[in-house]
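Examining the three-dimensional arrangement
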Amino acid sequence: MIYYVCKYTPIELLEGFGGECARLEPLPDNFDTADSLGHPNMCGYGKAIIEEVFSKDIKEMVLVDCCDVIRRVYDILEESGRMDFLWLLELPHKKGLAERKIFKKRLRELAESYKKYSGRDFDVKKAMASFTETAKDTAEKHISLLGAHGGKYLYKTVSEKFTVTVNDDTCTGNRSVEMTKNAADLDSFLDSYSTAILGQTPCMRMYDTTGREKLSAGTVGIIYHTMKFCDYYSFEYMNLKNNVSVPLLKIETDCTSQSEGQLSTRLDAFAETINAGANRRKINMKTDGKIYAAGIDSGSTSTDAIIMDGDKRIIGKA
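Quick summary incoming for the structure in this document. Source: prediction; values computed, not measured.

**Observations concerning the sheet that holds strand 5 (residues 142-147)**
Spatially, four strands are ordered 6-5-7-8 in an open sheet, and the strand pairing comes out parallel. Among the strands making up the open sheet, the edge pair consists of strand 6 (165-170) and strand 8 (248-253). Each strand of the sheet is rotated relative to its neighbour by a mean of 20 degrees, with strand direction disregarded. Pairing of strand 5 with strand 7 (residues 219-227), which is carried by six bridges, proceeds in the parallel orientation. Bridged to His 142 within strand 7 is Thr 219. Lying over the sheet, helix 9 (residues 232-243) contacts strand 5, strand 7 and strand 8, oriented at roughly 150 degrees with respect to strand 7.

Structural data, given as structure tokens:
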């Protein structure tokens, strides 16, 4: 089993050699191993990858150098000497003609290395058969889960809170690699394939992020996920905060289950804000036309309450 984490990973190329690929979905209880091997300020996702590899005794992995943390993860795994096959694929920052040629060369180097390791030849038919149909855009109302990697666990947690569809538009969730023509051999396959991989909706690692705006188009709300010590997606969040007209919620996790309680509370509140809560009940009530809002903060030593009217005037507190 070849594990990967990035949407730019050449899955179809590896499966053309008969390899079986699976996206790593780390959710460790702690970072004991990662903290003993790496810097404490490494982001939670990088630490989680290390924990998963060691705890599950993973032996084959292809990483993409999308950020400094992934490069450090590669260094740690290589130094450990526990991997049977480990590859770091260099990803261009652009997708022009020159970059596609460079990327094709790097894909070929990976292919040659994996062929030597596996002892199997490339089968273009297997590679072409491994492509999956890309989901088409829909006009259906939906929540966009944007930002840094969240994985299926975060996606499941978010989806359970809403009555509308949630699109996984995080950096690992919106993989969309489409081949426009058939190939006869490895060389012709790589010609189109290098273009197809780089032609995806760009992640924030790319110089030109034009096209990312479509990820938040047509949504009724945006949940923006960031990872502690990750800078890439914090910049995009600040831009969205000042420019989008739909409700926006920022959440931050460390890729463990320890933030589940706080996350659940915030998602419930956001779901009610956009009138899409999974547990929302219809309440019939008569009013005199006035609107009031109550807020309660229950802490470890005290409980504070406040009531405001529709004009945001405080009319009561305790």
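**Here's the deal with the packing of helix 3 (residues 44-55) against helix 4 (residues 68-80)**
Pairs of packed helices are described in terms of their axes, by the angle between the two and the distance that separates them. Across the interface, helix 3 lies against helix 4 with an axial gap of 9 Å and an inter-helix angle of 25 degrees. As judged from the angle between their axes, helix 3 and helix 4 are roughly parallel. Between helix 3 and helix 4 the crossing geometry is right-handed. Touching Gly 46, Ile 49, Ile 50, Val 53 and Phe 54 of helix 3 are Val 69, Ile 70, Val 73, Ile 76, Leu 77 and Ser 80, all from helix 4. Residues that form the contact of helix 3 with helix 4 fall into these classes: nine nonpolar, two polar and no charged.

**Section: the packing of aromatic side chains**
If you walk through the whole model with that rule in mind, you get twelve aromatic pairs. Seen in terms of ring centroids, Phe 122 and Phe 189 are 5.3 Å apart; in terms of plane orientation they differ by 50 degrees. Their pairing is tilted. With Phe 122 in the loop between helix 5 (97-118) and helix 6 (124-129) and Phe 189 in helix 8 (residues 186-198), this pair connects stretches of sequence that are 67 residues apart. A residue is classified by how much of its surface remains accessible, and Phe 122, at 18% relative accessible area, is buried.

**Thoughts on the sheet that holds strand 9 (residues 292-298)**
Strand order across the open sheet formed by three strands is 9-10-11, with antiparallel pairing between neighbours. A single partner strand is all that each edge strand has here, and the edge strands are strand 9 and strand 11 (314-317). The sheet shows a mean angle of 20 degrees between the axes of neighbouring strands, direction not considered. Direction of pairing for strand 10 (residues 303-309) relative to strand 11: antiparallel, over a ladder of three bridges. Within strand 11, the position partnered with Ile 307 by the bridge is Gly 316.

Conventions and cut-offs
Residues numbered from 1 in each chain as written. Predicted model: local features only at pLDDT ≥ 70, side-chain atom pairs only at ≥ 80, totals over all residues. Heavy atoms only, no water. Pairing = 2+ DSSP bridges. Helix = DSSP H or I, 4+ residues; strand = E, 2+ residues; numbered from the N terminus. Axes fitted to C-alpha atoms, helices over the stretch in contact; angles between N-to-C directions. Contact = heavy atoms within 4.5 Å. Parallel < 35°, antiparallel > 145°, perpendicular 65-115°, else oblique. Left-handed = near helix turned anticlockwise from the far one by under 90°. Nonpolar A, V, L, I, M, F, W, Y, C, P; charged D, E, K, R; others polar. Phe/Tyr/Trp six-rings, centres within 6.5 Å; stacked < 30°, edge-to-face > 60°. Buried < 20%, exposed > 50% of the residue type's maximum accessible area, 1.4 Å probe, protein only.

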